[in-house]
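Overview (structure and organization)
The residues making up each chain are set out below.
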Amino acid sequence: MIDETHDPGRTSWVEYANGHNAFPIQNLPHGVFSQNGGAPRGGIAIGYKIFDISAALEAGLFSGAALEAAQSASGRSLNAWMECGAGARRALRRRVGELLDSKGTDAGQLQGIAKQLLHDAADCTMHLPARVGDFTDFFAGIHHARTAGTISRPENPLMPNYKYVPVAYHSRASSVRPSGGTVRRPNGQRKPPEQASPDFGPCRDLDYELELGVWVGPGNELGTPIPIAEASSHTAGFCLLNDWSARDVQSWESQPLGPFLAKSLSTFVSPWIITTDALAPFRMAQPPRPAGDPAPLPHLNDPADQATGCFNIDFEVLLLTPKMRSAGTAPHVMSRSKASDLYWTVAQMVAHHTSNGCNLQAGDLFGSGTVSGTEPGSAGCLLEMTRGGRNPVTLSNGETRTWLQDGDEVIFLGQARRSGYLSIGFGECRGTVTEALKLT
Ligand code: CA
C-alpha cells in the first residue's frame, strides 16, 4: 500500500537525513541498538541518527495502534513487533514519519527534545534485531543453482524438482550474527578428490553467499498452511544475508542429507529491518518464466503475487583485503546482481514452507539463496566466480583470490529503486575472516 510515507517530496527536520542514500525519511527501518554499554533497545534509522523508540514513548508521542506497535518495537528484540501484524506496524510507520517530517505539526517541539530522541549512529552498537527461532535457507537463485550444479554435475545441473519446489534446508539459528563482526575460519573434515581419506583441519575453500534475508512476521498455527495470497502479510521485513560457506567441508559432508557444518559456522545479517511497507513502491512483476518451464503448481501460483511479488533491489558485493586496507584503497567490486534474478518470490517461499502445515513464528529468518545473474560480474559467491576454485579472480590492486583469505572483509550493499520514488538502501552487511582455531 502506497501512502504519504513514500512521498518522494517528503523531507525530515533531522540534519543530513535528506539525501542520505540508505535511510531517508521514506525508509524508517527498525533495529536494536545500544549506547555506551547500556541495555540494547529498539530504534529506527533516520539519516546518520537513530530514533530512540523508548525515549519517544517516555515523551508520550504515540497513541492507539501506533502506541501498541511502538511498545513492541522498543525492547531488546523485535519479535513482538513482528508478531503485532501489518496494521499496527503501518500505524507506527505513519506516526514516526509524521514526527520526523520537516512540515509535521510537532516538528518545532520535537527539535527541542532531539537530544533525547536521536543518537548518532556512529556512537551506537547494533545488535541482532530478533531472537531467531528458526533459520531456513532457500535456493531460489536459479542462475546460482545452475552454475553450482554445472560444477558438480555438468550433465544435469538443475535437478528435476527445481522448477516445481522452492528448494530449501533448515539451517542454524544460533549462529546468526549482526553485521560488523568477525567470522572464524572453521575447522572441518576435508577430502579433496586426490586424497584417499578425509582429514580434519582449517577450511581451505571459505566462501560467502549474497542473499536476500526475510524476517517473518505473524506466524501460523501448526497444521494451518498460509495461502499464497496471504503470504506477504506474514513478512515483517528484509535484510542482506551472508551465508558463509565452507565449500571443501560442504562437498564432503553433504551426501545425502545436505549442508550441515559447512553452513552452520555462522550467518551474518545487516542489522536494519527494511520493512515490507517501506518496500511497497519497489514491488514489481516476477519476471516471466522462460518458455518451456512449467507453471508453478496452483498452491504456489497467485496472479497478484506474479504481478507484484518481486522487488526492484540492486545488490553489490565488495571485498576489502588486508593489503587494500593498509594501502587505504577502495574495496574491489566483486559482483552486482538483483532480486529479480530469483526464480521464486518470497510469497512462494512462505506458501511452500507452510504447505505441509509447518508453523512459522515471528522472528524466523529466511535466506533467499545466492542471488546471481547471468552476465559476467554478477555471481553472488566465489564458487561461481572461480568455477569451483579453478579460475582465480584478479582484484583491482592486482591481488588474486580463489577463496577468502584471513583478514578479508566481505561487504554487501542493497538499494531499492524505482522511478518516481526516492531510492532507499539496506545499509551494510559486513564481516571479516579471522584465522582458524589452532589444532593441538
Ligand atoms: Ca545459501
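Please refer to the structure placed before this passage.
Note that the structure is predicted; figures quoted are calculated from it, not measured.

Considerations on the layout of surface pockets
Looking at the largest pocket, its volume works out to about 1,400 Å³. Along the walls of the largest pocket sit 45 residues, with Ser152, Arg153, Gln250, Ser254 and Gln255 positioned nearest its centre. Contributions of two or more residues to the lining of the largest pocket are made by strand E6 (135-138), helix H7 (142-152), strand E7 (168-171) and helix H8 (247-253). No other element matches the six residues that H7 contributes to the lining of the largest pocket.

Quick word on empty space enclosed by the protein
Following the criterion strictly, the structure yields three cavities of 30 Å³ or more and no others. By volume, the largest cavity is sized at about 70 Å³. Taken together, Leu212, Gln286, Gly309, Cys310, Phe311, Ala339, Leu342, Trp344, Thr345 and Val346 make up the lining of the largest cavity. Along the walls of the second largest cavity sit Leu28, His30, Ile44, Trp81, Arg89, Arg93, Thr275 and Asp277, which together make up its complete lining. Considering only residue class, the lining of the second largest cavity consists of three nonpolar, two polar and three charged.

Some remarks on the pattern of salt bridges
For the coordinates displayed, the defined rule picks out 24 salt bridges. Arg185 serves as the salt-bridge partner of Asp406, at 2.9 Å between the closest nitrogen and oxygen. In this pair, Asp406 sits in the loop between strand E24 (400-401) and strand E25 (409-416) while Arg185 sits in the loop between strand E9 (182-184) and strand E10 (187-190), placing the two residues 221 residues apart along the sequence. Notably, a salt bridge pairs Lys438 with Glu435, separated by 3.3 Å at the nearest N-O pair. A residue is classified by how much of its surface remains accessible, and Lys438, at 66% relative accessible area, is exposed. Owing to a relative accessible area of 45%, Glu435 belongs among the partly exposed residues under this scheme. Salt bridges here are not isolated pairs; linked through shared partners, they connect Asp207, Glu209, Asp243, Arg247 and Lys263.

Some points on the packing of aromatic side chains
Taken as a whole and assessed by the stated rule, the structure comprises eight aromatic pairs. For the pair Tyr343 and Trp344, a centre-to-centre distance of 5.6 Å together with 80° between the ring planes defines the contact as edge-to-face. Both residues of the pair, Tyr343 and Trp344, belong to the buried class. Through successive ring pairs, a cluster of aromatic residues spans Phe139, Tyr162, Tyr343 and Trp344. Above the plane of the ring of Trp81 lies Arg89, whose end atom (NZ or CZ) is 5.7 Å from the centre. Directly above the aromatic system of Trp344 lies the positively charged group of Arg289, at a separation of 4.7 Å from the ring centroid.

What about the coordination of the calcium ion?
In the first shell of the calcium ion, the protein supplies Asp137 (OD), Glu209 (OE), Glu211 (OE) and Asp243 (OD), at 2.2 to 2.3 Å from the metal. Sequence spacing of the donor residues for the calcium ion, all on one chain, is D-x71-E-x1-E-x31-D. Highlighted residues: Asp137 in strand E6 and Glu209 in the loop between strand E12 (206-207) and strand E13 (210-216), separated in sequence by 72 residues.

Calculation criteria
Residues numbered from 1 in each chain as written. Predicted model: local features only at pLDDT ≥ 70, side-chain atom pairs only at ≥ 80, totals over all residues. Heavy atoms only, no water. 1 Å grid on protein atoms, 1.4 Å probe; cavity = no way out; pocket = protein on both sides within 12 Å on 5 of 7 lines; lining within 4 Å. Points joined across faces, edges and corners; volume = space filled by probe spheres on them. Helix = DSSP H or I, 4+ residues; strand = E, 2+ residues; numbered from the N terminus. Nonpolar A, V, L, I, M, F, W, Y, C, P; charged D, E, K, R; others polar. Salt bridge = Lys/Arg side-chain N within 4 Å of Asp/Glu carboxyl O. Buried < 20%, exposed > 50% of the residue type's maximum accessible area, 1.4 Å probe, protein only. Phe/Tyr/Trp six-rings, centres within 6.5 Å; stacked < 30°, edge-to-face > 60°. Lys NZ or Arg CZ within 6 Å of the ring centre and 35° of its normal. Donors = N, O, S within 2.8 Å, 3.2 Å for Na, K, Ca; no water.

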